[in-house]
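The residues making up each chain are set out below.
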Amino acid sequence: MTNDIDEFSSIYGKWEAEWEKNRVHNAEPEPGRKKFFVTAAFPYPNSPPHIGHGRTYVTADVLARYKRSRGYNVLFPMGFHFTGTPIITMADDIAKGDKELIDIFENLYKIPKDVIPKLADPLYMANYFKGEFERGFRKLGLSIDWRREFTSINPEFSAMVVWQFSKLKGKNFIVTGEHPVGWCPIHNTPVGMHDTKSDVEPEIGEFTVIFFQSEDGVFPVATLRPETIFGATNLWINPKEDYIKVEVDGSNWWISRKAFQRLSFQMNMKETGVALKGAELVGREVMNPVTGNKVKVIGASFVDPKTATGVVMSVPAHAPFDYYYLLKEGKNVNPIPVIEVNSLGEIPAKKIVEDKKPKNDEQLEEATKELYRLEFNTGKMRKDLGKLVNGNTELTSMIAEQPVPKARDVVKKFILEKGLGTKVLEIMNRPVYCRCGNEIVVHVVKDQWFIDYGNAEWKKTAKEYLSAMQIFPQEARKEFEAVFDWLDRRACARTRGLGTPFPWDRKWIIESLSDSTIYMAFYCVAHIIKENEIRASQLSQSLWDYVFLGIGDPVKVSEENKIDRQLLERMRDEFVYWYPLDSRHSGKDLIANHLSFFVFNHVAVFPRELWPKSIVVNGFILYEGKKMSKSLRNIVPLEQAIKKYGPDTVRLVLVGVADLWSDANFTDDLAKSINSKLKKIYQSAKEGLDTNRKRYCTLQDKWLSSIVKKTVKKVSDEMETLDFRGAVNDAFFMMERYYDEYLEWVRSVGQEPNQEVIREFFENLAIMLSPFAPYISEEIWHLYGGQGFVINAKWPENKEYDVNVLLIKYYIDSVISDIQSIMEIKKGKTAKLTFSDNMKLLRTCINSLEKGGGFKEFVREVVKEERIDVKALQRLYDVVTQLEPEFRKFLLENEFNEYNIIRDNLEFIKRRTGMDKIEISEGTNLTGKVAIPLRPAILLE
RNA sequence: GCGGGGGUGCCCGAGCUUGGUCAAAGGGGUCGGGCUUAGGACCCGAUGGCGUAGGCCUGCGUGGGUUCAAGUCCCAUCCCCCGCACCA
């Protein structure tokens with residue numbers, strides 16, 4: 001009673017230890033030998049690794065192993081990203097005793113109970129999970145050179161980041177400016193997605209504010225639809241709320257008290273001490289600054305005092321709320337339409353309200369959305385706008401008959417330029433709450449530091465280079481191009497979190513995606529720094545200038561940094577040898593940020609010959625068809641998966657069953673079935689050793705040998721294009737099938753398998769499978785006396801194979817399937833076969849097809865010489881179109897004796913079809929059935 | 001809205017780049033058979049419709065087109081998913 005994994009576990013442990021002992025995965029420069037440098041995006045260890053983390057790394061590892069077997073000196077290192085806030089937040093949660101999180105750590109990830117309290121320390125947490133990653137990734141068989149590992153908060157790494165930023169600054173790519181962020185008003189800190197309750201990303205949007213003048217200060221109306229200003233018939237305020245007068249840039253505004261509490265975080269506002277209930281403002285007369293019209297302030301309960309200014313305008317022609325409430329309050333409704341939409345008549349809001357008959361605010365909200373969408377997408381400003389503005393037609397003439405989106409921009413610009421209004425920012429998906437429980441607001445941070453990815457020169461160079469890079473898969477390239485286009489200034493400093501202090505203002509920390517764009521360069525020297533205990537203080541700008549750019553005199557640089565000259569030269573040599581990076585791997589979620597920054601920063605910092613060669617992006621991992629998430633509690637920790645299914649199986653599921661671009665679905669059934677196939681192959685390999693027949697001669701031997709050679713060619717092509725799914729299919733699933741076919745075929749002729757061909761099969765299998773399933777491949781490799789480790793074994797060459805035997809097998813299979821399909825209708829125990837030997841007809845058909853001719857041409861061609869039933873010709877034509885090109889070519893140049901082939905394989909066919917007897921004869925006719933080339937006439941009795 | 005991806009048989013999911021090998025791979029489920037005391041696991045077969053002969057009909061979101069031939073190419077249209085930043 002052994003379970004699948006027990007039988008294999010000794011293999012896994014054995015080879016992991018052997019590889020470790022022999023330092024198989026360590027990489028040293030070998031001047032003169034071609035190199036391949038591959039990295040994957042380093043993980044952020046705020047939990048133990050799960051199977052999703054494995055995909056990118058296994059993809060990179062497969063490539064690394066493949067390149068090795070192609071003779072490259074391969075470097076595959078990894079490090080850890082500690083920068084940022086989520087780890088801190090999680091550690092806080094542990095400290096607070098967050099039940100849900102502790103439950104997940106304890107029961108999902110199986111973290112020992114005594115460890116959990118210690119995770120309240122963020123650094124302990126990061127290091128603990130880093131350890132888990134290392135252990136898990138080792139077990140997964142990743143060929144990583146662990147000596148070079150580091151974390152993004154190592155002081156030595158920070159020294160390099162500082163160098164990088166000074167390079168950026170030197171090119172004026174670091175700029176300052178204002179920047180709005182989500183903000184907790186109690187803690188006075190920025191609030192990102194990870195800091196909110198239920199992980200909501202705060203969306204910041206912009207309201208246009210229009211100043212309606214009154215005798216006693218301004219009513220700042222906030223709107224998302226400034227183009228409807230012409231249709232305002234009154235203002236709305238909430239009569240139950242407090243309104244206060246505040247001073248903004250020298251003028252007085254009436255806004256809700258709740259608005260004041262929010263807006264004061266984004267603009268200078270002073271309380272004047274004047275406050276009134278909303279109800280007391282009702283009835284005041286205000287002037288629309290754009291049209292000059294006078295309108296009244298009216299009260300309504302739907303006005304949200306917490307959104308923007310708490311003062312809104314009423315446009316009953318285009319806002320269902322406004323139309324509905326005016327009617328409900330018994331006011332005069334005089335809608336002024338300013339936008340026309342074909343299907344909505346004169347007054348769009350009226351039509352929508354009358355059609356939909358909304359009964360509550362929720363339904364009004366729906367109606368609003370619908371009208372908004374219709375007007376935005378299909379609406380045009382009316383041409384009679386001019387008459388609404390008291391003679392001032394400067395603005396209306398610009399927008400009359402224009403589509404709504406364009407008019408909106410024009411009106412907004414007009415209002416801002418003429419000083420008729422301003423803008424305020426608001427959390428569009430509010431309310432969003434900070435983890436502390438307070439509702440967050442928009443805060444405008446002054447003097448924010450940015451990396452200016454919008455810089456035209458920089459962008460141009462980056463885009464040019466992108467087109468020269470290799471991008472896998474093809475689909476990703478378009479997305480990169482789009483991202484490069486819209487990329488603009490990016491805030492690169494934060495007020496809290498782990499990371500490198502910002503060099504020019506040390507109260508800031510360099511933001512997490514900005515400190516990890518050229519870190520692959522650090523791998524080249526990380527182990528040298530570690531082994532020689534070089535300190536951050538010795539890693540000054542001049543050192544990095546020399547190591548990375550070759551600038552400066554090594555003698556001076558080594559003195560300046562108190563580093564032994566030999567060491568300094570070694571760092572330089574190692575960098576020169578490994579750089580540029582050959583392949584960068586990550587999930588496709590990083591296209592829009594990390595991977596793009598990575599290209600931009602290389603372009604900015606390094607000379608062109610050191611820019612990265614290629615990018616490989618992969619899809620995600622689903623578990624049983626669903627995205628893994630804490631809330632679904634369906635996360636599969638890597639170590640548990642490895643323990644349950646074994647590392648080779650996990651690897652095959654992660655990279656072998658879905659193409660790069662799409663998500664791969666990890667299922668228990670799939671893993672089990674792959675595991676049992678691995679087991680079967682291993683079993684076959686062991687049994688294969690016992691074969692005794694030495695002489696290599698039979699048709700079956702030749703077939704297996706040929707199909708192996710053909711598979712080698714196919715898999716080689718697939719590996720080169722990173723079609724790992726295809727490669728796994730051929731090198732694993734198909735190879736297994738071929739082996740079974742061979743055994744059955746050989747046994748049907750009463751023979752044993754041949755030693756020589758079995759050896760060829762397993763040697764090739766071991767190497768082709770080794771990038772994907774290194775453990776079992778290693779075992780099979782050694783079983784068959786392979787020298788050294790399979791990772792260093794040379795990838796098989798493409799060799800000529802025998803098309804004839806492949807065609808023979810194809811032909812036999814097609815006869816078998818014909819017999820079977822007849823059996824579905826007519827049972828029989830004896831099959832009678834006759835054959836056509838009309839090679840000439842067959843060749844005519846192939847020729848006309850090769851020439852690109854259709855069926856008609858073929859018939860015309862044939863009719864010239866002989867009279868043959870058109871039906872039969874059609875069948876032949878179908879048979880030939882289905883033939884592989886190499887078979888067609890073969891048949892043009894060689895004889896193919898169907899009778900002899902079937903005669904020699906009668907036993908195999910009988911076995912496959914269950915026939916008792918198969919009679920073959922040479923004539924073409926068989927009681928009405930006509931044989932055509934490659935399709936014998938078959939009669940069952 | 002803009003950008004990217006996608007809609008395939010009961011379900012999941014390949015294929016479409018290079019039209020014919022596609023009634024459409026591979027799973028799952030279901031049905032039948034084997035094994036077993038039984039169940040599970042495993043193995044074999046079937047799984048669009050029709051048909052006592054390897055065939056015919058219908059079919060790959062919807063509508064049209066190109067072609068001897070279209071899941072595959074072209075046009076139009078509907079629907080779904082992801083990204084749009086300062087967050088790892």
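Residues numbered from 1 in each chain as written. Chains lettered and ligands numbered in written order. Predicted model: local features only at pLDDT ≥ 70, side-chain atom pairs only at ≥ 80, totals over all residues. Heavy atoms only, no water.

Asks: Mind showing me how you'd approach the packing of aromatic side chains here?
Replies: Two measures describe an aromatic ring pair: the distance that separates the ring centres and the angle between the ring planes. Under the criterion given, the structure shown has 65 aromatic pairs. Centroid distance Trp236 to Phe302: 5.3 Å. Interplanar angle 70 degrees. Geometry classified as edge-to-face. Linking Trp236 in strand 7 (residues 234-237) with Phe302 in the loop between strand 12 (294-299) and strand 13 (312-314), this pair joins segments that are 66 residues apart in sequence. By relative accessible area, which is 0% here, Trp236 ends up buried. With 5.4 Å between their ring centres and 45 degrees between their planes, Tyr810 and Phe887 make a pair best called tilted. Of this pair, Tyr810 sits in helix 28 (residues 803-823) while Phe887 sits in helix 32 (residues 885-893), and the two are 77 residues apart along the sequence. (Phe/Tyr/Trp six-rings, centres within 6.5 Å; stacked < 30°, edge-to-face > 60°. Helix = DSSP H or I, 4+ residues; strand = E, 2+ residues; numbered from the N terminus. Buried < 20%, exposed > 50% of the residue type's maximum accessible area, 1.4 Å probe, protein only.)

Asks: What's the story with the pairing of strand 22 (residues 583-587) in this structure? I'm lost.
Replies: Note on strand geometry: in a regular strand, side chains alternate between the two faces of the sheet. Summarising burial for strand 22: 5 of the 5 residues are buried, a large majority. Pairing between strand 1 (residues 35-40) and strand 22: 3 bridges, direction parallel. If you follow Val38 over to strand 22, its bridge partner there is Ser583. When strand 22 meets strand 23 (residues 614-618), the two strands line up parallel, connected through 4 bridges. Within the sheet, the bridge partner assigned to His585 lies in strand 23 and is Val616. (Pairing = 2+ DSSP bridges.)

Asks: Any chance you could explain the nonpolar core here in plain terms?
Replies: Soluble globular proteins: nonpolar side chains tend toward being buried together. Within the largest apolar cluster, 239 residues are counted, with the highest numbers of intra-cluster contacts made by Phe105, Trp544, Phe606, Phe762, Leu891 and Phe896. With 13 residues, helix 25 (residues 724-748) is the single largest residue contributor to this core. Setting aside anything within four residues of it in sequence, one finds Phe762 in contact with Ile681, Ser684, Ala685, Tyr739, Ile780 and Tyr784. Formed by 52 residues, the second largest nonpolar core is a distinct cluster that contains Ile229, Leu281, Ile298 and Tyr323. (Core = buried A, V, L, I, M, F, W, Y, C linked by side-chain atoms within 4.5 Å. Contact = heavy atoms within 4.5 Å.)

Asks: Got a minute to help me understand the domain arrangement of chain A in this structure?
Replies: Interface size is commonly expressed as the accessible surface area that is lost when the partners come together. Partitioning chain A into domains gives domain 1 (208-336 + 385-427) and domain 2 (807-940). Just the C-alpha atoms count here: the centres of domain 1 and domain 2 sit 84 Å apart. (Domains from an automatic or database assignment.)

Asks: Explanation requested: the sheet that holds strand 1 in the structure shown.
Replies: Backbone-to-backbone hydrogen bonds pair the strands of a sheet. The strands run either parallel or antiparallel. In space, the 5 strands of this open sheet follow the order 2-1-22-23-18, with parallel pairing throughout. Where the open sheet ends on each side, the last strands, each with one partner, are strand 2 (73-75) and strand 18 (470-472). Across the sheet, the mean angle from the axis of one strand to that of its neighbour is 15 degrees, orientation sign disregarded. (Axes fitted to C-alpha atoms, helices over the stretch in contact; angles between N-to-C directions.)

Asks: Just to check I follow, could you spell out the packing of helix 24 (residues 699-720) against helix 26 (residues 755-769) for this structure?
Replies: Each pair of packed helices can be summarised by the angle the axes make with each other and by the distance between the axes. It is at 9 Å that the axes of helix 24 and helix 26 come closest, and there the two elements cross at 15 degrees. As summarised for this structure, helix 24 and helix 26 are arranged roughly parallel, according to the angle between their axes. Here helix 24 and helix 26 pass one another in a crossing that is left-handed. In contact with Asp701, Leu704, Ser705, Val708, Lys709, Thr711, Val712 and Val715 of helix 24, helix 26 contributes Val757, Glu760, Phe761, Asn764 and Met768. Looking at the contact of helix 24 with helix 26, its residues break down into 7 nonpolar, 3 polar and 3 charged. (Parallel < 35°, antiparallel > 145°, perpendicular 65-115°, else oblique. Left-handed = near helix turned anticlockwise from the far one by under 90°. Nonpolar A, V, L, I, M, F, W, Y, C, P; charged D, E, K, R; others polar.)

Asks: How should helix 13 (residues 404-417) be read in this particular structure?
Replies: Because each turn of an α-helix spans 3.6 residues, side chains separated by three or four positions in sequence point in the same direction. In a regular helix each residue adds 1.5 Å, so 14 residues correspond to 20 Å; helix 13 covers 20 Å between its end C-alpha atoms and thus fits that length. Within helix 13, burial applies to Val404, Ala407, Arg408, Val411, Phe414 and Ile415. Along the axis of helix 13, the buried positions cluster into a sector of 135 degrees, meaning they face one direction only. Across from the buried face of helix 13, at angles greater than 90 degrees, the exposed residues are Asp409, Lys413 and Glu417. Phi turns positive, to about 70 degrees, at Gly419, one or two residues after helix 13. (Expected span 1.5 Å × (residues − 1). Arc of directions from axis to C-beta.)

Asks: How should I be thinking about the sheet that holds strand 3 (residues 174-184) in this particular structure?
Replies: The 4 strands are arranged 4-3-17-19 in an open sheet whose pairing can be described as antiparallel. Each edge of the open sheet is held by one strand with a lone partner, namely strand 4 (189-190) and strand 19 (489-491). In the sheet, strand 3 pairs with strand 17 (residues 441-452) via 9 bridges, with the strands oriented antiparallel. Across the sheet, residue Pro180 finds its bridge partner in strand 17, namely Val444.

Asks: Is there a simple way to explain the packing of helix 25 against helix 26 in this structure?
Replies: For the pair helix 25 and helix 26, interaxial distance at closest approach is 11 Å and the crossing angle is 170 degrees. As the angle between them shows, helix 25 and helix 26 are arranged roughly antiparallel. Side by side, helix 25 and helix 26 meet where Ala731, Phe732, Met735, Tyr739 and Tyr742 of the first sit next to Val757, Ile758, Phe761, Phe762, Leu765, Met768 and Leu769 of the second. Within the contact of helix 25 with helix 26, the residues separate by chemical class into 12 nonpolar, no polar and no charged.

Asks: What exactly am I supposed to notice about the protein's contact with RNA strand B here?
Replies: By nearness alone, 42 residues border RNA strand B, and Tyr44, Ser512, Asn593, Asp818 and Leu940 come closest of all. Close to the protein, within 4 Å, the atoms of RNA strand B are drawn from sugar and phosphate at a rate of 47%. One of the side-chain nitrogen or oxygen atoms of Asn593 is found 2.3 Å away from a base nitrogen of RNA strand B. Here the surface near RNA strand B is composed, by residue class, of 17 nonpolar, 12 polar and 13 charged. (Near = heavy atom within 4 Å. Polar contact = N/O pair within 3.5 Å; in protein donor to acceptor, adjacent residues only side chain to side chain.)

Asks: Please explain the side chain of Ser542 as it appears in this structure.
Replies: Relative to the helices and strands, Ser542 is located in helix 17 (residues 541-549). Side-chain polar atoms of Ser542 contact the side chain of Asn561, separated by 3.2 Å. Excluding residues that lie within four positions of it along the chain, Ser542 makes contacts with Val557, Glu560 and Asn561.

Asks: Sorry if this is basic, but what is going on with the pairing of strand 28 (residues 917-921) here?
Replies: The alternating pattern of strand 28 places Ile918 and Ile920 on a buried face and Lys917, Glu919 and Ser921 on a face that is not buried. Taken together, the 5 bridges between strand 27 (residues 830-834) and strand 28 define a ladder with parallel strand orientation. Bridging from a neighbouring strand, Thr834 pairs with Ser921 of strand 28.

Asks: Quick question: what am I supposed to make of the side chain of Arg148 here?
Replies: Within the secondary structure, Arg148 is located in the loop between helix 5 (122-139) and helix 6 (155-170). Here the side chain of Arg148 touches Ala27 through a polar contact of 2.7 Å, landing on its backbone oxygen. Setting aside residues no more than four positions away along its own chain, Arg148 makes contact with Ala27, Leu75, Pro77, Met78, Tyr523, Cys524, Ala526, His527, Lys530, Glu574 and Trp578.

Asks: How do you make sense of the pattern of salt bridges when you look at a structure like this?
Replies: Oppositely charged side chains are able to pair whenever their charged atoms sit close together. All told, the structure shown has 60 salt bridges when counted by the stated rule. A salt bridge links Arg148 to Glu574, with the nearest nitrogen and oxygen atoms 2.5 Å apart. With a gap of 426 residues between them, Arg148 in the loop between helix 5 and helix 6 and Glu574 in helix 19 (residues 565-578) connect regions that are remote in the sequence. Both residues of the pair, Arg148 and Glu574, belong to the buried class. Glu206 is paired through a salt bridge with Lys423; the nearest N and O atoms lie 3.9 Å apart. One end of the pair, Glu206, is in strand 5 (residues 204-214); the other, Lys423, is in strand 16 (residues 421-427), and 217 residues separate them in sequence. Residue Lys423 is classed as partly exposed on the basis of its relative accessible area of 41%. Salt bridges sharing partners connect three or more residues here, namely Glu20, Lys130, Glu134, Arg138 and Glu149. (Salt bridge = Lys/Arg side-chain N within 4 Å of Asp/Glu carboxyl O.)

Asks: How do you make sense of the layout of surface pockets when you look at a structure like this?
Replies: If a probe the size of a water molecule is rolled over the atoms, the empty space left behind becomes visible. In this structure, the second largest pocket spans a volume of roughly 910 Å³. Together, 28 residues line the second largest pocket, and Phe207, Leu224, Phe321, Glu365 and Thr368 are the ones closest to its centre. Counting only elements with at least two residues in the lining of the second largest pocket, the list comes to strand 6 (217-223), strand 13, helix 9 (320-328) and helix 11 (361-378). The element that contributes the greatest number of residues to the lining of the second largest pocket is helix 11, accounting for 6 residues. (1 Å grid on protein atoms, 1.4 Å probe; cavity = no way out; pocket = protein on both sides within 12 Å on 5 of 7 lines; lining within 4 Å. Points joined across faces, edges and corners; volume = space filled by probe spheres on them.)

Asks: Is there a simple way to explain the environment of Glu922 in this structure?
Replies: When you line up the elements, Glu922 lands in the loop between strand 28 and strand 29 (925-926). Since its relative accessible area comes to 60%, Glu922 is described here as exposed. Not counting residues within four places of it along the chain, the set of residues in contact with Glu922 comprises Phe835 and Tyr899.

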